[in-house]
Amino acid sequence: MKQGQNLAQKQQNKQGYYLSQQHLKQMHLLHLTGFALREYLANELELNPALEIDHDDDDELSEVTVDSIEAATEWTTKDEDELFRNNYQQASTDQFYRAPVIQFNSLADSLKEQIHQMQLSTTLTQLSCYLIDELNDDGYLRRSLAEVCDDYCFNRGKLTDEKEFETALHAVQHCEPAGVGARDLRECLLLQLNYKIVNFGVNYEMHKAQIILENHYDLFVQRAFSKIKSLLELTDESFKKVTEVITHLQPKPVTEVNRYELMNYQIIPDFEITIEDDELYVGLTQPDSAKLRVISDFKKSPMRTENNEEKNQAASYYSNLVDDANALVNALREREVTMLKVMSAIAFTQPGFFISGDRNDLKPMVLQDIAGITGFDLSTVSRITSNKYVQTPHGIFPLKNLFMRNINPGIAYNSQHTAVGIQQTIKQLIEEEDKNNPMSDSEVVEALQQKGITLARRTVVKYREVLSIKNSNLRKSSN
């Protein structure tokens, strides 16, 4: 039986999108923060001898005003280099904010560092760090110790007594912020109260509050205030002060508010916005392309060889170093021009906020709006705004916090219909409520609907917790 082979060639046209190395480098640089970029450049300086740092006494600052943003929609790629050159001005580095700490430690990192400082045994330290990894973002331990112990034994392949995890949990609960490692609300409140007593001393009201949380928590939750006052022999005035001690405790060890305050001291802003004669000026705090340059007289070392092939290889090697150095400097310049255009578009869209510093002045703004103004791709805008910060006369703000959608897009613009505006409305409703009969979350939803704001109850709960406002049971005044 004969077997034949059929060989044939076939051509096919196929469209695709391929990214060049230069484009990939540019995308990577856009995503880096100032601190990460400096580490990246330090590594490049070690790898490429054709690069050097220009050690001038003055840094250069690229600045544009928000009035020039209208021209941004007409800019072309040829205009960007000219914009970059024309808008660089000499300025002293003393004009710009320098954050003292440049790296943010997560909650887990901070807790583990505290555990290591306690000088516990090796086993107890390991168990404590394992428990820290089991904590939720709000600082609670939602799983039972028995489940955590079983997982640990299975993963590590060694038997561990649950009592050892109980000891480890006590160590975690001695860490800051107070209340971390709590398994329920009662334990969280007790941990915070005990922290205050140990560090600031105890008074009559704090002592009674501790007794209520330890022995009469169920009665307190059930609002059996008369019975509690009778058991503890408290007057109405004394009981009111005791309940104020409890209601001023945080229901969560870690909230959005204190998490943001922690980050506010541990970041370096990438942008600077200043106000002169009621006009906003946008600049980069640390333009790196002004410091990095290619050595103009970079030459290869003399080759002790007569081999032409080796000479050609060496010449090609040094040529590639220079090409890579030029590509990096050009990518940095393009990065800075892109960042300036995006930040200028944000300032042009939110002038009220940058002038007043009041978050209620934030207008609805989404990534598509900035992409439309600058002409950049949505992914480019996202890379620039996802992890960058801006220094303003009113403090440091993450760029992503300046973006918010209109909750009711069918209605004409109203600052009350943004997330921040709705939070302020909720805060105002609760401040004006009857303290003897506080509004439930469902009643807040109904009150918002009367103001033309449609919101789900779970969203109201989320906003209330962001504002660190207690639920209606804990807000109710004593009888």
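Please refer to the structure higher up on the page.
Residues numbered from 1 in each chain as written. Predicted model: local features only at pLDDT ≥ 70, side-chain atom pairs only at ≥ 80, totals over all residues. Heavy atoms only, no water.

Student: Would you take a moment to explain the overall build of the protein for this structure?
Tutor: The number of helices and strands found in the protein is 21 helices and 8 strands. Pairs at least 24 residues apart make up 69% of the contacts formed inside the protein by residues separated by at least 6 positions. (Helix = DSSP H or I, 4+ residues; strand = E, 2+ residues; numbered from the N terminus. Contact = heavy atoms within 4.5 Å.)

Student: What is the right way to look at the packing of helix α18 (residues 419-431) against helix α20 (residues 457-466) in this model?
Tutor: Any two packed helices are characterised by the angle at which their axes cross and by the distance between the axes. At a minimum axis separation of 10 Å, α18 and α20 run at an interaxial angle of 80 degrees. Between α18 and α20, the angle is such that the two are roughly perpendicular. Between α18, through Ala419, Ile422, Gln423, Ile426 and Ile430, and α20, the contact on the second element is made entirely by Val460, Tyr463, Arg464 and Val466. (Axes fitted to C-alpha atoms, helices over the stretch in contact; angles between N-to-C directions. Parallel < 35°, antiparallel > 145°, perpendicular 65-115°, else oblique.)

Student: How should I be thinking about the environment of Thr125 in this particular structure?
Tutor: For Thr125, the position within the fold is in helix α5 (residues 122-133). Sequence spacing of Thr125 and Ala171 is 46 residues, and the spatial spacing of their C-alpha atoms is 8.9 Å. If near-sequence neighbours (up to four positions away) are discounted, Thr125 is found in contact with Ile115, His116 and Leu120.

Student: Quick question: what am I supposed to make of the packing of helix α14 (residues 308-349) against helix α17 (residues 378-385) here?
Tutor: For the pair α14 and α17, interaxial distance at closest approach is 10 Å and the crossing angle is 85 degrees. Relative to α17, α14 is oriented roughly perpendicular. Residue-level contacts link Thr338, Met339, Val342 and Ile346 of α14 to Thr380, Ile384 and Thr385 of α17. Residue composition of the contact of α14 with α17, grouped by class: 4 nonpolar, 3 polar and no charged. (Nonpolar A, V, L, I, M, F, W, Y, C, P; charged D, E, K, R; others polar.)

Student: Would you explain the side chain of Glu44 in this entry?
Tutor: Tracing the backbone through its elements, the reader meets Glu44 in helix α2 (residues 34-47). Given the relative accessible area of 17%, Glu44 is considered buried. For Glu44, the residues in contact, after removing those within four places along its chain, are Leu51 and Leu328. (Buried < 20%, exposed > 50% of the residue type's maximum accessible area, 1.4 Å probe, protein only.)

Student: For this particular structure, what's the right way to read the pattern of salt bridges?
Tutor: All chains considered together, the criterion is met by 10 salt bridges. Here Asp151 ties to Arg143 by a salt bridge, and the two come within 2.4 Å at their closest N and O atoms. Between Glu187 and Arg183 there is a salt bridge, with the nearest N and O atoms lying 2.9 Å from each other. A relative accessible area of 31% places Arg183 in the partly exposed class. Each member of the salt-bridge network shares a partner with another, and the members are Glu134, Arg143, Glu147 and Asp151. (Salt bridge = Lys/Arg side-chain N within 4 Å of Asp/Glu carboxyl O.)

Student: I tried to follow the pairing of strand β8 (residues 395-398) on my own but got confused; where do I start?
Tutor: The two faces of the sheet receive side chains in turn, since in a regular strand these alternate between them. As defined by bridge partners, strand β7 (residues 389-392) adjoins β8 across 4 bridges and the pair is classed as antiparallel. Bridge assignment links Tyr389 to a residue of β8, and that residue is Pro398. Between the end of β7 and the start of β8, which pair antiparallel, lie 2 residues. (Pairing = 2+ DSSP bridges.)

Student: Mind showing me how you'd approach helix α8 (residues 185-200) here?
Tutor: Since the α-helix turns once every 3.6 residues, residues separated by three or four places project in the same direction. Here α8 spans 22 Å end to end across 16 residues, near enough to the 22 Å set by a 1.5 Å rise per residue. Of the positions making up α8, those classed as buried are Glu187, Cys188, Leu189, Leu190, Leu191, Gln192, Leu193 and Ile197. The elements touched by buried residues of α8 are α7 (162-173), α9 (204-215) and α12 (236-247). Capping the start of α8 is the job of one residue whose side-chain oxygen sits 3.3 Å from the backbone nitrogen of Arg186: Asp184. Just past α8, the residue Gly201 takes up positive phi, approximately 90 degrees. (Expected span 1.5 Å × (residues − 1). Polar contact = N/O pair within 3.5 Å; in protein donor to acceptor, adjacent residues only side chain to side chain.)

Student: Help me understand the pairing of strand β4 (residues 271-276), please; the structure alone is not making it clear to me.
Tutor: With 6 bridges connecting them, β4 and strand β5 (residues 279-284) associate as antiparallel partners. Directly across from Ile275, in β5, lies its bridge partner Leu280. Connecting β4 to the next strand, β5, in antiparallel fashion are 2 residues, including Asp277 with a positive phi near 55 degrees. Two strands pair when backbone bridges link them, and β4 and β7 are joined in this way by 2 bridges, in the parallel orientation. Bridged to Phe271 within β7 is Val390.

Student: What's the story with a negative patch on the surface in this structure? I'm lost.
Tutor: On the surface, Asp150, Asp161, Glu162 and Glu164 cluster together to form a negatively charged patch. Structurally, the position occupied by Glu162 is in helix α7. (Patch = residues over 30% accessible without salt bridge, like charges linked within 9 Å, V, L, I, M, F, W, Y side chains within 5 Å. Areas by Shrake-Rupley, 256 points an atom, 1.4 Å probe, with all protein chains shown as cover. Lys, Arg positive; Asp, Glu negative; His and termini not counted. Charge placed at Lys NZ, Arg CZ, Asp CG, Glu CD.)

Student: What's the story with unusual backbone geometry in this structure? I'm lost.
Tutor: Among all residues except glycine, the phi angle is most often negative; among peptide bonds, the trans geometry is most common. Between Glu176 and the following residue, Pro177, the backbone shows a cis peptide bond with an omega angle of 10 degrees. Looking at the element boundaries, Pro177 is found in the loop between α7 and α8. If you check the backbone angles, Arg223 has positive phi at about 65 degrees while not being a glycine. As for its placement among the helices and strands, Arg223 is situated in the loop between α10 (217-221) and α11 (225-232). In the Ramachandran plot, Glu233 falls in the positive-phi region, its phi being about 55 degrees despite a non-glycine side chain. Within the secondary structure, Glu233 is located in the loop between α11 and α12.

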